[in-house]
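# Observations on chain architecture
Listed below, chain by chain, are the residues.
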Amino acid sequence: MNAMAMTQHQQCSDEEWALRVKLAHCYHLVDYFGWTETIFNHISARLPGPAHHYLVNPFGLNYSEVTPANLLKVDLHGKKLEESPYDGNPAGFALHSAVHGARDDIQCVIHTHTTPISAVVQKKRGFGHDDFYGAQLYGRIGYHTFEGITLFDDEKARMIESLGDKHILVLRNHGIAVGESSIEKAFFLLWTVQRAAENQCAAGALGGDDHPLEDGIAEKCANLTAMLIRESGFATKFYDAMVRKMRAERELPW
């Protein structure tokens, strides 16, 4: 652990430090899988407590440069709560603060717009549910009409209305945001959405008619996936395995 990280650890609780480490791993995993948008996009994790404070990346750093110590702690207005030489990305605060302020069941929010995801959300149809991964998303997606770069507070209420009680928000003509009750679950959901988008793009490029699933099968798949994540620690096993794989190939200084 470097001197900066040691100082930061001494200034926060063990619980917060563990969350910082896990969130920093998440940034590095998104980079490891090639899902970054250079220095843009954002992942946030809500801190324990009634104030809805959350951690987010310093704007201007590559995801590979994020560490537990340099993550920003901000309030629901995006105001920094601790000194840092970095600022946050203002385009991220409206989305993340809206979700963290409105949904107590969501502790982590991840926003991406990889090429497959951006292609799918540009289509009127949105995500289909006839492939293995798309079926797992059945009934779990809210759709939000594109209003330009997400900067303004007045859009928050409309985004929350579009999300409803779902855990995936399609930002039409833009990208997606996924939110779950833990970093592990959010990352697993992101992976599932990414795989669904990749498959949908590949299948569409082949031409010809899709083979539709029988009635009720997609819903059954979505419910079964939710049960596995909720009751078996499925997402945590997946997340921990991906962190081990990444750390075996990358030398992280923390």
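As a reminder, the structure under discussion sits directly above these lines.
Here the structure is a predicted model, which is why all the values come from computation and not from measurement.

## Description of the sheet that holds strand S3 (residues 72-74)
Sheet strands line up and pair through hydrogen bonds in the backbone, either parallel or antiparallel. The mixed open sheet is built from seven strands, whose spatial order is S3-S2-S1-S4-S7-S6-S5. Looking at strand neighbours, the two that pair on one side only are S3 and strand S5 (141-144), the edges of this open sheet. Mean inter-strand twist for the sheet, computed between neighbouring axes without regard to direction, equals 20 degrees. Where strand S1 (residues 42-46) lies against strand S4 (residues 108-112), four bridges are found, and the strand directions are antiparallel. Opposite Ala 45, over in S4, you have Cys 108 as the bridge partner. Sheet strands touched by helix H3 (residues 90-102): S1, strand S2 (54-56), S3, S4, strand S6 (168-171) and strand S7 (175-180). Its angle to S1, the strand with the most contacts, is close to 30 degrees.

## Observations concerning the pattern of salt bridges
Within the structure shown, the criterion is met by 17 salt bridges. Two residues, Arg 20 and Glu 82, come together in a salt bridge whose shortest N-O distance is 3.5 Å. Here Arg 20 is found in helix H2 (residues 14-32), whereas its partner Glu 82 is found in the loop between S3 and H3, with 62 residues between them in sequence. One salt bridge in this structure joins Arg 158 and Asp 154, with 3.1 Å as the shortest N-O distance. Overall, the relative accessible area of 33% leaves Arg 158 in the partly exposed class. Three or more residues joined by partner-sharing salt bridges are found here, namely Glu 16, Arg 20, Lys 73 and Glu 82.

Conventions used here
- Residues numbered from 1 in each chain as written.
- Predicted model: local features only at pLDDT ≥ 70, side-chain atom pairs only at ≥ 80, totals over all residues.
- Heavy atoms only, no water.
- Pairing = 2+ DSSP bridges.
- Helix = DSSP H or I, 4+ residues; strand = E, 2+ residues; numbered from the N terminus.
- Axes fitted to C-alpha atoms, helices over the stretch in contact; angles between N-to-C directions.
- Contact = heavy atoms within 4.5 Å.
- Salt bridge = Lys/Arg side-chain N within 4 Å of Asp/Glu carboxyl O.
- Buried < 20%, exposed > 50% of the residue type's maximum accessible area, 1.4 Å probe, protein only.

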